[in-house]
Each structure stands twice: as structure tokens, then as C-alpha cells.
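So you can see what is in the structure, the chains are spelled out below.
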Amino acid sequence: MSFSSRTSWPRQRNRLAKLLEERQRQGKPIFDLTISNPTECSLAYPQKEILSALSDPAVLRYSPDPRGLLSAREAVVKYYQTKNVELDSSNIFLTASTSEAYSYIFKLLCNSGEHVLVPRPSYPLFEYLAQINDVALQHYRLSYDHGWHIDKNSIREGITESTRAIMLIHPHNPTGMFLKKSEYAEAKAIARDHNLALIVDEVFSEYGFSEDAGRIVTTAASPDVLTFTLSGISKMAGLPQMKLGWMIVSGEQRLLREANERLDILCDTFLSVNTPVQFALPKFLRTGKGISENILARIRKNWRVLQLAVRNVPSCSLLDCEGGWYGIVRLPRVNTDEEWALQFLEEAGVYVYPGYFFDLEEGMLVVSLLVEEEIFRRGVSRLVEHVSRVL
Ligand SMILES: Cc1ncc(COP(=O)(O)O)c(C=O)c1O
């Protein structure tokens, strides 16, 4: 008996996971600054509206469509109209999550071993998604210099004969960097020069700390380069348990038609989005607005708490952040980021992500800004007290 090499991931727990488990077993207090599941952060959800949205008698009928129910896709069209973007519902495909949408797109664009160019640092999801689909990743750099920027040269340098797509994340996780108009124009020009598609992940697009006219709104209506724009209600409406995302295909007509026809067959093979959530989507998008406003208020407040706490510790600083659900703290490199994270947990009971988890350079720690406010405040103050004590 043998298993596929595709799934031969290292499965042993790292030191931090072991220490966390040990503390949990011993019943010691833990200020968990990694929680980013919005349903576990004491946010107020409109329970009645959410539950009643799922009880439409229409859900008793099954009428599958590979792109998803028209009523749900029209709700997505309406959502983009609030951003002054006009879409055709026939270019929208509903999926059970953004992760599933990535899987379909990788299958659509790449033969085994071909490449997708993704940003580094990044959320670790993409390595797994690529591997599961027999796709290899190449990386371009996001560099930090008074804010995060796409290193455009590294996009050009990263492209090879086997590159099929460039991935952009708007705003990026965990850096909170939004895609600027000039960066998007450059990425499109590169994609055009090399006959590549763009995959644009906009799951965190509702979470900017402030407005900025230099940012793009969305890539969903891009008329030229073949573009797959991904989003869904897991982040935008704080409803990850409902499992509903979408991909919007746009670009030059001939490619758009062919991509849609091929995706029809891919999606028809699985028909993975359940009917109740599709009927509920118009309501979820309406109630989701209030939920995302609550989340935005939470992350803004926690960001401010973090800024104030770090300001008093000369050896600590925060990386600039335009939004998203995470904050990045820079610490002196007297320890590796894993050693810092172990120390915080062992000596202060504070659990944070070491930066290597996101492929950040050494000396970075990542905290979730979604954490319940009192836990966040106490966790952050213990964290900075620990740094002041040991340095
Ligand atoms: C940038 C980014 N895209 C997509 C996802 C996954 O979203 P979904 O829950 O829709 O699969 C995540 C998960 O945190 C993410 O960070």
C-alpha cells in the first residue's frame, strides 16, 4: 500500500503547537492572539436574520446549475453595483469557498508541474492548494519600505516558460497591502506580454482602515487580460461556516467564452454549493454589511490598541498596515521569531503567530486583529511587558 507523494506533507507538530497543547492540558491561561475565526470572537451576529435566510421553502427543490442559482449570482451582481461595477451574471461561478475556486482555476489553467506566480510573504494556504492540484508555485516579492509594495521586477524575473498565471491579493494577507492602480496596470501589462492570466483574491476587500484613491476597487470587470476575481462571504460577511464563495471571469471575449465553457464542466462535475446557502445569499449579503462593519470597527480598535502599546517599547515596532485582519510586529533579532513566540507563550501566556508561518523575514510576529477586545488588550500588554523585561 502506498500513498500519493502529493499528500506526503510533514505532519508532526512543531514546538509551538506542542507547547500550546501542554498549556491547554495544564489549564494555564492563554491569551490567544491568533484567533481569526469571526464566529469565535464575540462579535454580534443578527441571529434571527441569518437563521430565517436559511428557511426558504424553495430550498426543497434541487435545480443544479454549474455556475450556481441565477438568483444568487444576481445578488453578487448587486453587491458589485454598490461599488459602481457592472457585471454580467453569466460570468460568475459560485463555489463552496475561495479555496475551492483556486482549485478550479489551477485545474483550468495548469498542466501538471506548470507554475503560478504568487506573492511572498503570504498566507500558507496556497502551497497546499497548489500541491493538491499538481501545480508548482513561483514567488514574487512584496517588499517593505514605509509600507508594503509589489516588487515588479521580481514578477518579471519569476516568469518562466511554464508560468500560467500571476496571483494578486487585494488586500493582501497578512500584510494588509491594497493593490494600487499603478501596480495593477503593471501586473496587467506583464500578464499581457507573457500571455498569462491574473488570479485576484479580494476576500478581505471590505477591510480597509481608511479610503485611498490610489487603490483599485476590484478587478472583476477587467475587459482585456483574462482575470479570475475571487471573493465570498467567509470574510466579507463574517460567515465562513456558510461555505459560499465566487469567482468572476473577465477579459477578452474569446478567452472569456472558452474559460466559462471549461469551468462549466469543472463545476458541473462537483456541483458543490448547497442549495440553502444559495437561496440565502441575497439576505446574507444584506445582513453581512452590518457584520462587516462590526468587524471593521473591531479591527480598527485593536489596531489602535496595538499602536499605542508598541509605541512605548523602543525595541518593538509595527509594520504599516492599510487594513485586513492582521497586524505585524517587528522585534529585535536577538531571537528567531519561533523563539520569541515560544517565549511569549511560555512566560507570558500569549499565543502569536511567528512570522515564518507566512514566509515573513525573521523578527516578525503576526497577531489577529479580530480577537475579542479585552483579550486583545490584555494579551498585547503582556506581550510588550515581556519584551521590555527581557531586553
Ligand atoms: C487571502 C485569502 N484568501 C482566501 C482564503 C480562504 O477563504 P475561504 O474561506 O473563502 O476559502 C484565506 C483564508 O484565510 C485567505 O487568507
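Novice: Explain the state of the cysteines residue by residue, including any values.
Specialist: The final tally for this structure, using the stated rule, is zero disulfides. Looking at Cys267, it has no disulfide partner, and the nearest cysteine sulfur is the one in Cys110, 16 Å off. The buried category is assigned to Cys267, whose relative accessible area is 2%. For Cys316, which is in no disulfide, the shortest distance to another cysteine sulfur is to Cys321 and amounts to 16 Å.

Novice: Pulling in residues and values, what's your account of the sheet that holds strand β5 (residues 148-150)?
Specialist: One open sheet accounts for eight strands, arranged β2-β9-β8-β7-β6-β3-β4-β5; its pairing is mixed. The open sheet is flanked by β2 (92-95) and β5, the only strands paired with a single partner. Along the sheet, successive strands turn relative to each other by an average axial angle of 25 degrees, direction set aside. Of the strand pairs in this sheet, strand β4 (residues 136-144) and β5 are connected by three bridges, and their pairing is antiparallel. Residue pairing in the sheet places Ser143 in a bridge with His149 of β5. In the packing of helix α4 (residues 98-109) onto the sheet, contacts are made with β2, β3 (115-120), β6 (163-169), β7 (197-201), β8 (227-232) and β9 (245-250), and the angle to β8 comes to roughly 165 degrees.

Novice: Tell me about the site of the ligand, and please be specific about residues and values.
Specialist: The environment of the ligand is made up of Ser97, Thr98, Ser99, Tyr123, Leu125, Ile169, Asn173, Asp201, Val203, Phe204, Ser234 and Lys235. Contact distances for the ligand include 2.5 Å between an oxygen atom and a side-chain N or O atom of Thr98. Here Ser99 contributes a side-chain N or O atom positioned 2.8 Å from an oxygen atom of the ligand. Relative to its free-state accessible area of 400 Å², the ligand is covered by the protein chains to the extent of 90%. Residue composition of the shell around the ligand, grouped by class: five nonpolar, five polar and two charged.

Novice: Break down the packing of α4 against helix α5 (residues 125-132) for me, with residues and values.
Specialist: In contact at an axis separation of 9 Å, α4 and α5 are set at 40 degrees when each is read in the N-to-C sense. When the axis of α4 is compared with that of α5, the two are oblique. Considering the relative orientation of α4 and α5, their crossing is right-handed. Residues Ser99, Tyr102, Ser103 and Phe106 of α4 form the contact with α5, whose participating residues are Leu125, Phe126, Leu129 and Ala130. Its residues assigned to classes, the contact of α4 with α5 shows six nonpolar, two polar and no charged.

Novice: Now, about the nonpolar core: what can you tell me, with residues and values included?
Specialist: In terms of nonpolar packing, the biggest core is built from 101 residues, with Ile166, Leu168, Ile233, Trp246 and Leu306 touching the most fellow members. Among the elements that take part in this core, helix α10 (residues 275-311) stands out by supplying 13 residues, more than any other. Both domain 1 (14-44 + 288-390) and domain 2 (47-287) contribute no fewer than three residues apiece to this core. Val135, Ile199, Phe228 and Cys267 belong to the second-largest nonpolar core, a separate cluster that totals 30 residues.

The rules we used
Residues numbered from 1 in each chain as written. Predicted model: local features only at pLDDT ≥ 70, side-chain atom pairs only at ≥ 80, totals over all residues. Heavy atoms only, no water. Disulfide = S-S within 2.5 Å. Buried < 20%, exposed > 50% of the residue type's maximum accessible area, 1.4 Å probe, protein only. Pairing = 2+ DSSP bridges. Helix = DSSP H or I, 4+ residues; strand = E, 2+ residues; numbered from the N terminus. Axes fitted to C-alpha atoms, helices over the stretch in contact; angles between N-to-C directions. Contact = heavy atoms within 4.5 Å. Near = heavy atom within 4 Å. Polar contact = N/O pair within 3.5 Å; in protein donor to acceptor, adjacent residues only side chain to side chain. Areas by Shrake-Rupley, 256 points an atom, 1.4 Å probe, with all protein chains shown as cover. Nonpolar A, V, L, I, M, F, W, Y, C, P; charged D, E, K, R; others polar. Parallel < 35°, antiparallel > 145°, perpendicular 65-115°, else oblique. Left-handed = near helix turned anticlockwise from the far one by under 90°. Core = buried A, V, L, I, M, F, W, Y, C linked by side-chain atoms within 4.5 Å. Domains from an automatic or database assignment.

That is the geometry; function is a separate question.
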